[in-house]
Amino acid sequence: MGLIDSLKKAFSKPYKTISVAQAKDLLGSGATLIDVRSAQEWRTGRAPQAKHVPLDRLQGSTAGIQETRPVIAVCASGVRSASAARLLAAKGYDAYSVRGGMAAWRQAGEPVR
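No experiment lies behind these values; they were computed from the predicted model shown.

Student: Before we go on, may I ask you to explain helix H2 (residues 20-28) in this structure?
Tutor: An α-helix turns once every 3.6 residues. As a result, residues three or four positions apart point the same way. For H2, the set of buried residues is Val-20, Ala-23, Leu-26 and Leu-27. Each buried residue of H2 sits inside an arc of 120° when the element is viewed along its axis, so together they form one side. Exposed residues on H2 whose side chains face more than 90 degrees from its buried face are Asp-25 and Gly-28. In this fold, the buried residues of H2 make contact with strand E1 (16-18), strand E2 (32-35), strand E4 (71-74), strand E5 (95-98) and helix H6 (101-107). After H2 finishes, the residue Gly-30 shows a positive phi value of roughly 105°.

Student: What's the story with the pattern of salt bridges in this structure? I'm lost.
Tutor: Oppositely charged side chains are able to pair whenever their charged atoms sit close together. For the structure shown, the criterion picks out 4 salt bridges. Residue Asp-94 is joined to Lys-16 by a salt bridge in which the shortest nitrogen-to-oxygen separation is 3.5 Å. One end of the pair, Asp-94, is in the loop between helix H5 (79-90) and E5; the other, Lys-16, is in strand E1, with 78 residues separating them in the sequence. With a relative accessible area of 43%, Lys-16 lands in the partly exposed category. In this structure, the salt-bridge partner of Glu-110 is Lys-24, at a minimum N-O distance of 3.3 Å.

Reading guide: rules and limits
- Residues numbered from 1 in each chain as written.
- Predicted model: local features only at pLDDT ≥ 70, side-chain atom pairs only at ≥ 80, totals over all residues.
- Heavy atoms only, no water.
- Buried < 20%, exposed > 50% of the residue type's maximum accessible area, 1.4 Å probe, protein only.
- Helix = DSSP H or I, 4+ residues; strand = E, 2+ residues; numbered from the N terminus.
- Arc of directions from axis to C-beta.
- Contact = heavy atoms within 4.5 Å.
- Salt bridge = Lys/Arg side-chain N within 4 Å of Asp/Glu carboxyl O.

In structure tokens, the structure reads:
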């Protein structure tokens, strides 16, 4: 492997950032959606199929999140979900972060409960 390939690997993201439409496709194929926002944010509205796993709890344990399925993280804007996806990818998960978070989810007209 050459220097360029080594640098690309060293600086590449171990997870993928995806659109709301791509997230919906993955969910339709059996992926798990986790919402990493705070409890207060969770109560303001969430995707119907999301599991609530706040980022601070995720940092300590991934219990209850199946490793055999892709995992999609969502937050308010995409920053915390990127951290969550990075953490999950480091633990061997096929991890994704929703670009734009719940703001993008709502803007796309997806259901919120």
